[in-house]
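Residues per chain, in single letters:
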Amino acid sequence: MLQVLGKRQSINVRKVLWTCDEIGVPYEHEEWGAGTRPTSAPEFLSLNPKALVPVLIDGPSIITESNTIARYLAGKHDRTDLLPVEPLARAQVEEMMDWQATELNGSWRVAFQAIVRKNQIAGTAEQVAASLVEWARMMRLLERRLADGRLHVCGKPFTLADIVIGLSVNRWFQTPIERPELPSVRAYFDRLSQRPAAHTHLGDGTD
Ligand SMILES: N[C@@H](CCC(=O)N[C@@H](CS)C(=O)NCC(=O)O)C(=O)O
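Since the structure is predicted, the reported quantities are computational estimates derived from the model, not experimental observations.

## Here we look at the site of the ligand
Then comes step 1: With respect to spatial proximity, 12 residues lie near the ligand, and among them Ser10, Gly33, Ala34, Leu52 and Ser66 are the closest.
Then comes step 2: Residue classes in the shell around the ligand are distributed as five nonpolar, five polar and two charged.

Here's what the structure looks like:
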């Protein structure tokens, strides 16, 4: 049985749990990470010296990095709907996954730390304000992409890109900030929320 290590509060852990649920693969889940069991424990560090969640244990193999784990699971279970094999279609899914992990994630970091985690040293007031501006700019880019009426970020089919972007959109709506109206993003999020596998992974998250 697969083992997923990492707290449910974490957006990166949720990527893995949601992917497992979309695929329908059973797994055992253990809470690890700040607020639960510390990733500084030697037992955890022996699995992931980076001291970060999620970690996937598949028999003798250990895999880290949430997006990599999601791709591994789709590949292993032959879910070419979630991760196409045709190079261009695959690149389009990976492009959005990479964008989420870099630009989009990077934009909210300071604001999220300050507003949700109430971390006093997350940044100055100016840095928090700049983070909010950048986050909104990223979300407007997503709005523009979805405004052509596509059902999902890479077109009609639901893919791994929708899991990682969907969780980011969830964060956007869950964070108590002033948000510009983004009707296509809202409709997209409502659509994703109706997926049976999405239910338990959307909602409040503090990490
Ligand atoms: N690039 C990594 C980032 C993982 C990461 O930053 N995980 C955070 C939680 S979202 C973590 O483990 N923080 C330390 C902790 O919670 O103890 C991935 O995508 O898996």
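Next comes the rest of the account.
## Quick look at the packing of helix 1 (residues 11-23) against helix 6 (residues 160-174)
Then comes step 1: At a closest axis distance of 10 Å, the pairing of helix 1 and helix 6 adopts a crossing angle of 140°. Comparing their axes, helix 6 and helix 1 come out oblique. Crossing geometry of helix 1 relative to helix 6 is assigned as right-handed. Contacts between helix 1 and helix 6 involve Ile11, Arg14, Lys15, Trp18 and Thr19 on the former and, on the latter, Leu160, Ile163, Val164, Leu167 and Arg171.

## Considerations on the sheet that holds strand 4 (residues 61-64)
Then comes step 1: Taken in spatial order, the four strands line up as 2-1-3-4 in an open sheet, and their pairing is mixed. In this open sheet, the two strands that pair with only one neighbour each are strand 2 (27-30) and strand 4. On average, each strand axis in the sheet is tilted by 20° relative to the strand beside it, whichever way the strands run.
Then comes step 2: Two elements, strand 3 (residues 55-58) and strand 4, share four bridges in a ladder whose sense is antiparallel. The residue of strand 4 that forms the bridge with Ile57 is Ile62.
Then comes step 3: Where helix 1 meets the sheet, it contacts strand 1 (2-5), strand 2 and strand 3, and its direction lies at approximately 150° from that of strand 1.

## A short note on the domain arrangement of the protein
Then comes step 1: Assigned domains within the protein: domain 1 (2-76) and domain 2 (87-198).
Then comes step 2: For domain 1 versus domain 2, the distance between C-alpha centres works out to 22 Å.
Then comes step 3: Each partner contributes residues to the interface: domain 1 has 11 residues there, and domain 2 has nine residues.
Then comes step 4: The greatest single-element share of the side of domain 1 that touches domain 2, amounting to seven residues, is contributed by helix 1.
Then comes step 5: Residue composition of the side of domain 1 that touches domain 2, grouped by class: four nonpolar, two polar and five charged.

Calculation notes
Residues numbered from 1 in each chain as written. Predicted model: local features only at pLDDT ≥ 70, side-chain atom pairs only at ≥ 80, totals over all residues. Near = placed C-beta within 6 Å. Nonpolar A, V, L, I, M, F, W, Y, C, P; charged D, E, K, R; others polar. Axes fitted to C-alpha atoms, helices over the stretch in contact; angles between N-to-C directions. Helix = DSSP H or I, 4+ residues; strand = E, 2+ residues; numbered from the N terminus. Parallel < 35°, antiparallel > 145°, perpendicular 65-115°, else oblique. Left-handed = near helix turned anticlockwise from the far one by under 90°. Contact = placed C-beta atoms within 7 Å. Pairing = 2+ DSSP bridges. Domains from an automatic or database assignment.

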